[in-house]
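Coordinate inspection notes
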Amino acid sequence: MKRRTSLKLLSALTGTAGLAGPAAVFAQPASSNVIRLVVPYPPGGPLDVIARALAQAVQGTLGTVIVENRAGAGGNLGADLVAKAAPDGRTIGIGAVATHAINPWLFRRIPYDPIRDFSPITLVAQVPNVLVMNAETAARLKIENLRDLIGYAKRNPGKLNYGSGGNGSAGHLAGEMFKSQAGVFMVHIPYAGGNPAQLALLSGEVDLNFDNLATASTNIKAGKLKALAVTTARRASAMPEVPTVAEEGRALGLASFDINTWFGLFGPAGLPAETVQRMNRAFIDAMGQTDVKARLASLMAEASPTTPPQFAAFVKAELAKYEKVVKASGATVD
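None of these values were measured; they are calculated from a predicted model.

Scanning the chain for helices and strands turns up 14 helices and ten strands. For 334 residues, the compact-globule estimate of 2.2 N^0.38 gives 20 Å, and the C-alpha radius of gyration of the chain, at 20 Å, lies within 12% of that figure. If you line up the chain on its principal axes, its C-alpha atoms span 65 × 40 × 35 Å. Here the chain, with 334 residues, has 55% of them falling under the buried criterion.

Rendered as structure tokens:
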């Protein structure tokens, strides 16, 4: 598999909206230290949008914040920049499920250790994914809920297919986890990005997708897609009527199913504890501000503030979880 897989992964996990702009600089007195907030993806994507909102929200407590986009290699270049920075509190970054849980297993080589080379500050948010079927296909196959889907898949192995934004993408890995835990076989069809995968689902070219809730919500509400379950452990506040995979599939081997897109703040390893705590408090306070809450809501993201130790434990658990999923998928990047 070639380097293009990393581009598919980037598209699936972060999106690329047309919101590109210059680095955000929020002025403070000249004596204040400038903090560089590295976003490992291009301008305009969800992480970039949230980073700029957070940068503005913490200017009163942390000083001048400059958002710097360092895209490349599925997020690895920007993450490595943070890992290699001096632990003086002047460089931090946004990391994600890709950079800290998936890429270490997807890429044959990465230039940083996702645990050893970082100081976790706080988890910021989690974005639910949703298992959606083409509504006409669901009606034709008499699939009303997740139990119907699993029952049909078991009676008809290989007859269902699902699309994704590419090998190694979030949708692909969610599908592999689902197949493994439910004990079913469905054919994976990779596309060159999330948008082509969704168009294939809408046209009936594929039967189902594990899609980002924010992306799928319009077509769910329009009746073009049927939402069977969200992939997070808890129901999504933006669509509370949709059950989770875990609750619907509790008796079918899916009680522990939990997969989503998450992102959080990291500093380089060795960041002083008092600096980590100060930043933790500032960014958690920022998550409660109106503008940040509005930006998160626009992405259907669930704010998920944590203590630094809680975030560290979360990252370790995610890294272990995705080792199994990525290896089972067979996806690699040279």
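Moving on from the model shown.
Glancing now at helix α9 (residues 194-203). For an α-helix the count is 3.6 residues per turn, leaving residues at separations of three or four pointing the same way. Residues of α9 that are buried include every one of Ala197, Gln198, Ala200 and Leu201, and no others. Mapping the buried residues of α9 onto a view down its axis gives an arc of 155 degrees, with all of them on the same face. The exposed residues of α9 that point more than 90 degrees off its buried face are Asn195, Leu199 and Ser203. Summarising the contacts, the buried residues of α9 are in contact with β4 (118-134), β5 (161-164), β7 (208-212), α10 (213-221) and β8 (225-230). Looking one or two places after α9, you find Gly204, whose phi comes out positive at around 85 degrees.

Another aspect to go through is the pairing of β4. Within β4, 17 of the 17 residues are buried, which leaves it mostly tucked inside the rest of the structure. Pairing of β4 with strand β9 (residues 260-268), which is carried by nine bridges, proceeds in the antiparallel orientation. Within β9, the residue paired with Phe118 across the bridge is Pro268. Judged from the two bridges that link them, β4 and strand β10 (residues 302-303) form a sheet pairing that is antiparallel. From the neighbouring strand, Ala125 faces β10, where its bridge partner is Ala303. In terms of strand pairing, β4 meets β8 through five bridges, oriented antiparallel. Residue pairing in the sheet places Asn134 in a bridge with Leu225 of β8.

Looking now at the nonpolar core. Counting 48 residues, the largest nonpolar core has Leu149, Phe178 and Leu208 as its most contacted members. If you look at the next biggest cluster of nonpolar residues, it comprises 36 residues, including Ala55, Val124, Leu271 and Val276.

Right, let's get into unusual backbone geometry. The phi torsion at Ala73 lies on the positive side, around 55 degrees, for a residue other than glycine. You can see Ala73 is positioned in the loop between β2 (65-69) and α4 (76-83). Here Lys142, not a glycine, exhibits a phi torsion of approximately 60 degrees, which is positive. Secondary-structure assignment places Lys142 in the loop between α6 (135-140) and α7 (146-155).

Glancing now at the pairing of β7. The element β7 is largely enclosed, with a buried count of four among its five residues. Where β4 meets β7, five bridges bridge the pair, whose relative direction is antiparallel. Of the residues in β7, the one forming a bridge with Val132 is Asn209. Relative to β7, β5 runs parallel, the two sharing two bridges. Each bridged residue has a counterpart across the sheet, and for Gly163 the counterpart in β7 is Asn209.

Each pair of aromatic rings is reported with the distance of its centres and the angle of its planes. This structure, assessed with the given rule, holds eight aromatic pairs. When the ring of Tyr112 is compared with that of Phe118, the centres are 5.6 Å apart and the planes differ by 90 degrees; the resulting orientation is edge-to-face. Among the residues examined, Tyr112 registers a relative accessible area of 5% and is labelled buried. Here Phe118 and Phe266 contribute two aromatic rings whose centre-to-centre distance is 5.7 Å and whose plane-to-plane angle is 70 degrees, an arrangement assigned as edge-to-face. Here Phe118 is found in strand β4, whereas its partner Phe266 is found in strand β9, with 148 residues between them in sequence. Both residues of the pair, Phe118 and Phe266, count as buried. An aromatic cluster is built from Tyr112, Phe118, Trp262, Phe266, Phe311 and Phe314, whose rings are joined through pairwise contacts.

The rules we used
Residues numbered from 1 in each chain as written. Predicted model: local features only at pLDDT ≥ 70, side-chain atom pairs only at ≥ 80, totals over all residues. Heavy atoms only, no water. Helix = DSSP H or I, 4+ residues; strand = E, 2+ residues; numbered from the N terminus. Rg over C-alpha atoms; globule rule 2.2 N^0.38 Å. Buried < 20%, exposed > 50% of the residue type's maximum accessible area, 1.4 Å probe, protein only. Arc of directions from axis to C-beta. Contact = heavy atoms within 4.5 Å. Pairing = 2+ DSSP bridges. Core = buried A, V, L, I, M, F, W, Y, C linked by side-chain atoms within 4.5 Å. Phe/Tyr/Trp six-rings, centres within 6.5 Å; stacked < 30°, edge-to-face > 60°.

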